[in-house]
Amino acid sequence: MSKFFTDRLSALIPYTPGEQPKDMQYIKLNTNESPFNPSAAVAEAVATEAGKLQLYSDPENTAVRTALAKHYGFDVNQVIVSNGSDEVLNFAFMAFADEKSPLIFPEITYGFYPVFAELNCIPYTQIPLRDDFSIDVEDYIGKNKTIIIANPNAPTGMVLSIADIEQIVKSNPDNVVIIDEAYVDFGADSALSLVDKYDNLLVVQTFSKSRSLAGARLGFAIGNKDLIADLNTIKYSTNPYNVNRMTDMAGAAAIKDNQYYADNCQTIIANREWTTARLIDLGFEVLPSKANFVFAKSDKIGGEELYLRLKEQGILVRHFTKDTIKEYNRITIGTKSQMQALIDTIISILGE
Ligand code: PMP
């Protein structure tokens, strides 16, 4: 740290992204990317737009916002897009949480939430999960706090029902409830169905997982138009051109190619069920996931050892060092042949 770094943030511990190693070609099952390329129409839209990069992007991102509004059945002013959903999550923390409306979220969840809270000097409380890693809805009823819940949760992959989410939203009418649906397209129900009923619900999604655009950085939030106006106040006070031209057009093209991405999601779901069954056959405990990853542990090998042994064999999974989950690994679901390679490698590691 330099002597110039502000005291206000001197204790900030930044988020650690998953490894992106360049030493060799790995089977990458560590950052929940899609194994499938973007559709041809997306590649074409990006190429066309690349020829116009001398011009700023549309600060209103009309192309992708209009496509999203039409696809999900909302008014365009109920939609904001961002540089990955991380950015709109940060905007939402800035806009809706403070000393008067501190944050609460599960103790085991997406590691960026405490970082954004610290960055914005927002007090927060982390609520323990039940022993089976499920969220106890009662912990979030009538709390008068700003709430963020990932549904499906990460890294567990476990879901709350829409009825449970509705109870949380309804019982905290004076605070915003943010539902982070980064993984919703792999089999969970979306809280978008509640958006027009509750003015305190903000639903955040991303193009990084189900729509194969992690590298383009595109996320979005949908909610009541006044919530979106507040998020725009933050956006226009930080970076009005937050979504670049190529990403704007890539996003619009991806929405129009919905069937291609929906089919890919079905393939991932089938591969997830196959992988879960194989891991259980091998004696693993696997949490019930509705995401494009599974969270698994074995009593035959420790979590860190399995992660390191797989890495030696060219397969990357995600291991977290936090005490309560250190025996687990989070394994992204890839193609069938990638998952077959994972299972074969685990069999050979356990057999040694
Ligand atoms: N929410 C959750 C729960 C995530 O796991 C991720 C991926 N790291 C994100 C949000 C952010 O993804 P992105 O910024 O790529 O949209």
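Not measured: the values here are computed from a predicted model.

Conventions used here
The residue numbers shown here count from 1 along each chain, following its written sequence. Residue-level local features of this predicted model are given only where pLDDT is at least 70; pairs of side-chain atoms are given and counted only at 80 or more, and the full residue set underlies all totals for whole chains, interfaces and linings. To obtain the side-chain values, all non-hydrogen atoms of the structure were included, while hydrogens and water were left out. Elements are defined by DSSP. Helices are runs of H or I of four residues or more, strands are runs of E of two residues or more, and each kind is numbered from the N terminus. Every radius of gyration here is taken over C-alpha atoms, with the globule rule written as 2.2 Å times N^0.38, N being the number of residues. Throughout this description, buried means an accessible area under 20% of the type-specific maximum (1.4 Å probe, protein chains only), exposed means over 50%, and partly exposed covers the range between. Whether two residues touch is decided by their heavy atoms; if any such pair falls within 4.5 Å, the residues are in contact. The method behind every accessible area is Shrake-Rupley, applied with a 1.4 Å probe, and residues are considered shielded solely by the protein chains displayed. Lys and Arg are tallied as positive, Asp and Glu as negative. Neither His nor the chain termini are counted. One atom stands in for each charge, and that atom is NZ of Lys, CZ of Arg, CG of Asp or CD of Glu. Two strands qualify as a pair provided that DSSP identifies no fewer than 2 bridges between them. All axes here are fitted lines through C-alpha atoms, helices being fitted over the stretch that makes contact, and every angle between N-to-C directions spans 0 to 180 degrees. Nearness here has a simple test: a residue counts as near a molecule or strand if at least one of its heavy atoms is within 4 Å of that partner. The definition of a polar contact used here is a pair of N or O atoms within 3.5 Å, where within protein one atom must be able to donate a hydrogen and the other to accept one, and adjacent residues in sequence count solely through side-chain atom pairs. Throughout this entry, Asp, Glu, Lys and Arg are counted as charged residues, while Ala, Val, Leu, Ile, Met, Phe, Trp, Tyr, Cys and Pro are counted as nonpolar. The remaining residues, Gly among them, count as polar. For our purposes a nonpolar core is just a set of buried Ala, Val, Leu, Ile, Met, Phe, Trp, Tyr and Cys residues, chained together by side-chain atoms within 4.5 Å. A pair of aromatic rings is counted whenever rings of Phe, Tyr or Trp (Trp by its six-membered ring) have centres within 6.5 Å, and the orientation is called stacked for planes under 30 degrees apart, edge-to-face for over 60 and tilted otherwise. Any carboxyl oxygen of Asp or Glu within 4 Å of a side-chain nitrogen of Lys or Arg constitutes a salt bridge here.

Q: Honestly, the overall build of the chain in this entry has me stumped. Any pointers?
A: Scanning the chain from N- to C-terminus turns up 10 helices and 12 strands. Radius of gyration (C-alpha) of the chain: 20 Å, near the 20 Å computed for a compact globule of 352 residues. Within the chain, buried positions represent 52% of all 352 residues. The long-range fraction of contacts in the chain, counting pairs at least 24 apart against all pairs at least 6 apart in sequence, stands at 73%. As displayed, the chain offers around 15800 Å² of accessible surface, 51% of which is attributable to carbon and sulfur atoms. For the chain, the centre of its 32 positive side-chain charges and the centre of its 45 negative side-chain charges are spaced 3 Å apart.

Q: How should the sheet that holds strand β3 (residues 103-106) be read in this particular structure?
A: Sheet strands line up and pair through hydrogen bonds in the backbone, either parallel or antiparallel. With mixed pairing, the seven strands of this open sheet are ordered in space as β2-β8-β7-β6-β5-β3-β4. The open sheet has two free edges, formed respectively by β2 (79-82) and β4 (124-127), since each of these has just one partner strand. Sheet twist, expressed as the mean angle between neighbouring strand axes with direction ignored, is 20 degrees. Note: β2 against strand β8 (residues 219-223), four bridges, orientation antiparallel. From the neighbouring strand, Val79 faces β8, where its bridge partner is Ile222.

Q: What am I meant to see in the pairing of β8 here?
A: In regular strands, side chains alternate between the two faces of the sheet. Judged by how many residues are buried, β8 sits mostly within the fold: five of five residues are covered. Along β8, one buried face is formed by Gly219, Ala221 and Gly223 and the opposite face, lined by Phe220 and Ile222, is buried too. With five bridges joining them, strand β7 (residues 201-206) and β8 adopt antiparallel strand pairing. Opposite Val204, over in β8, you have Ala221 as the bridge partner.

Q: What is the right way to look at the site of the ligand in this model?
A: Lining the immediate surroundings of the ligand are Gly84, Ser85, Asp86, Leu89, Tyr110, Asp180, Ala182, Tyr183, Thr206, Ser208, Lys209 and Arg217. Measuring from an oxygen atom of the ligand, one finds a side-chain N or O atom of Ser208 at 2.6 Å. Within the side chain of Arg217, a nitrogen or oxygen atom sits 2.7 Å from an oxygen atom of the ligand. When the ligand is considered free in solution it has 400 Å² of accessible area, and contact with the protein chains removes 91% of it. The element contributing the most residues to the shell around the ligand is helix α3 (residues 84-96), with four residues. Considered class by class, the residues forming the shell around the ligand number four nonpolar, four polar and four charged.

Q: What should I look at first to understand the nonpolar core in this one?
A: Buried together is how nonpolar side chains tend to be arranged in soluble globular proteins. Counting 52 residues, the largest nonpolar core has Leu201 and Phe207 as the members making the most contacts within it. Take this core: its biggest share by element is five residues, from helix α7 (residues 245-256). The contact partners of Leu201, leaving out residues within four places of it in the chain, are Val169, Val177, Ile179, Ala191, Leu194, Val195, Ile222, Gly223, Asn224 and Leu227. Core analysis: the next-biggest nonpolar cluster, separate from the first, contains 31 residues, Leu29, Ala154, Ala291 and Ile301 among them.

Q: Would you explain the packing of aromatic side chains in this entry?
A: What characterises a pair of aromatic rings is the spacing of the ring centres plus the angle enclosed by the ring planes. For the structure on display, the rule yields 16 aromatic pairs. Seen in terms of ring centroids, Phe93 and Tyr113 are 6.3 Å apart; in terms of plane orientation they differ by 45 degrees. Their pairing is tilted. On the criterion of sequence distance, the pair formed by Phe93 in helix α3 and Tyr113 in helix α4 (residues 112-119) is long-range, its members being 20 residues apart. With respect to class, Phe93 is no different from Tyr113; both count as buried.

Q: What's the story with the pattern of salt bridges in this structure? I'm lost.
A: Two side chains bearing opposite charge may form a pair once their charged atoms approach each other closely. Taken as a whole and judged by the stated rule, the model has 13 salt bridges. Among the salt bridges present, the one from Lys52 reaches Glu49, with a minimum N-O distance of 3.5 Å. Overall, Lys52 belongs to the partly exposed group, its relative accessible area being 35%. With relative accessibility at 5%, the residue Glu49 sits in the buried group. Residue Asp281 is joined to Arg278 by a salt bridge in which the shortest nitrogen-to-oxygen separation is 3.3 Å. Here Asp281 and its partner Arg278 are both found in helix α8 (residues 258-281), three residues apart, which amounts to about one turn of the helix. Judged by its relative accessible area of 57%, Asp281 falls in the exposed class. Of the residues examined, Arg278 reaches a relative accessible area of 27% and is grouped as partly exposed. One connected set of salt bridges, linked through shared partners, spans Glu49, Lys52 and Arg245.

Q: Can you help me understand the side chain of Ser210 in this one?
A: Relative to the elements of secondary structure, Ser210 occurs in the loop between β7 and β8. Of the polar contacts made by the side chain of Ser210, one reaches the side chain of Asp185; its length is 2.6 Å. When sequence neighbours within four positions are dropped, the list of residues in contact with Ser210 reads Asp185, Phe186, Tyr261 and Cys265.

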